[in-house]
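Fold and contact review
The residues making up each chain are set out below.
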Amino acid sequence: AALAFATGCGGPRARIVEATEHGELAVALARYDELAAHDGDDLELLARIGLRLLEDAASSDDDDVSRDAVRELAQAGTPAIAALVRIAGGTGPGATAALLTLGRRGHADALRLLRGMADDERPDVRAASTLALDPHEDRTLLLALAVEPSGAVRAAAVLRLGALGPAATEARLLREERARV
């Protein structure tokens, strides 16, 4: 009854929502096809199934598939936030991409997680972590990241330091480089 109330209807639509929420996407799609043949398209219901399909794809071991799915979810806006949060709690390339997407949206928990990942062994995670670093408060860490071996990490750190302004960033980088020599 609660499921029927939450979907605003009962019967076939509620069974489609239930199958979608349980990850039974083949069942959900088959039931949707039956419903659409009888009642016509229900774009909201189809979008719900699509979000779940993308969420599953984001958990793929294939880096490209996973990142593409997160990119599509990022474009879905507010309806995809819950899926992005679930993906970010996982592992793999989809988790990092989801954290970065949420961080760009100012999601506090994602920013907190990203902030703690500046020393992660994976360069893509270290690069993503710069989003959560404050160029004033975390200047020393960003300067260290700006001279590390990974080009992606260097670029992300320099972009973040750019918030200080070009002259300040250049002067600090030069001082750090001279101190190392």
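Preceding block: the structure.
Let me sum up the structure you'll find in this document. (Residues numbered from 1 in each chain as written. Predicted model: local features only at pLDDT ≥ 70, side-chain atom pairs only at ≥ 80, totals over all residues. Heavy atoms only, no water.)

1. Some words on the packing of helix α6 (residues 81–88) against helix α7 (residues 93–104)
A pair of packed helices can be characterised by two numbers: the angle between their axes and the separation between those axes. Keep this limit in mind: Angular values range over 0 to 180 degrees, each being the angle between N-to-C directions of two axes fitted as lines to C-alpha atoms, with helices fitted over their stretch in contact. Under the scheme used here, helices are H or I runs from DSSP no shorter than 4 residues and strands are E runs no shorter than 2 residues, and both carry numbers assigned from the N terminus. What sets the label is the angle itself: under 35 degrees gives roughly parallel, over 145 gives roughly antiparallel, 65 to 115 gives roughly perpendicular, and the rest give oblique. Note on convention: near helix rotated counterclockwise from far helix by under a right angle means a left-handed crossing. Clockwise means right-handed. Contacts: residue pairs with any heavy atoms within 4.5 Å of one another.
Running from N to C, α6 and α7 point in directions that differ by 130°, and their axes come no closer than 7 Å. Between α6 and α7, the angle is such that the two are oblique. Between α6 and α7 lies a crossing whose hand is left-handed. When α6 is examined against α7, the residues Ile81, Leu84, Val85, Ile87 and Ala88 are found in contact with a partner set consisting of Gly94, Ala95, Ala98, Leu99, Thr101 and Leu102.

2. Overview of helix α2 (residues 12–21)
Rules: The buried label goes to any residue with under 20% of its type's maximum accessible area, the exposed label to any with over 50%, and the partly exposed label to all in between, with areas taken from a 1.4 Å probe on protein chains only.
Along α2, the positions that sit buried rather than exposed are Ala14, Ile16, Val17, Ala19 and Thr20. Phi turns positive, to about 80°, at Gly23, one or two residues after α2.

3. Here's the deal with the nonpolar core
Put simply, the test is: Only buried residues count toward a nonpolar core, which is a set of Ala, Val, Leu, Ile, Met, Phe, Trp, Tyr and Cys residues joined through side-chain atoms within 4.5 Å.
Counting 19 residues, the largest nonpolar core has Val70, Leu73, Leu84, Ile87 and Ala98 as its most contacted members. Contributing elements (two or more residues each) for this core: α4 (43–58), α5 (63–75), α6, α7 and α8 (108–115). Tallying contributions element by element places α7 first for this core, with five residues. Apart from residues no more than four positions distant in its own chain, Val70 is found in contact with Ala58, Leu84, Ile87, Gly94, Ala97, Ala98 and Thr101. Listed in part, the twelve residues of the second largest apolar core include Ala118, Leu133, Leu142 and Leu164.

4. Notes on the pattern of salt bridges
Pairing is possible between side chains of opposite charge, provided their charged atoms come close. Inclusion rule: We count a salt bridge whenever a side-chain nitrogen from Lys or Arg sits within 4 Å of a carboxyl oxygen from Asp or Glu.
One pass over the full model with this rule turns up eleven salt bridges. Across the salt bridge formed by Glu55 and Arg86, the nearest N and O atoms sit 2.8 Å from each other. In this pair, Glu55 is assigned in helix α4 and Arg86 in helix α6, connecting sequence segments 31 residues apart. Overall, Glu55 belongs to the buried group, its relative accessible area being 10%. The salt bridge partner of Asp68 is Arg71, with a shortest N-O separation of 2.6 Å. On the criterion of helical spacing, the pair formed by Asp68 and Arg71 is a turn pair, its members being three residues apart in helix α5. One continuous salt-bridge network, built from bridges that share partners, spans Arg13, Asp39 and Asp42.

Read these as geometric descriptors, not functional statements.
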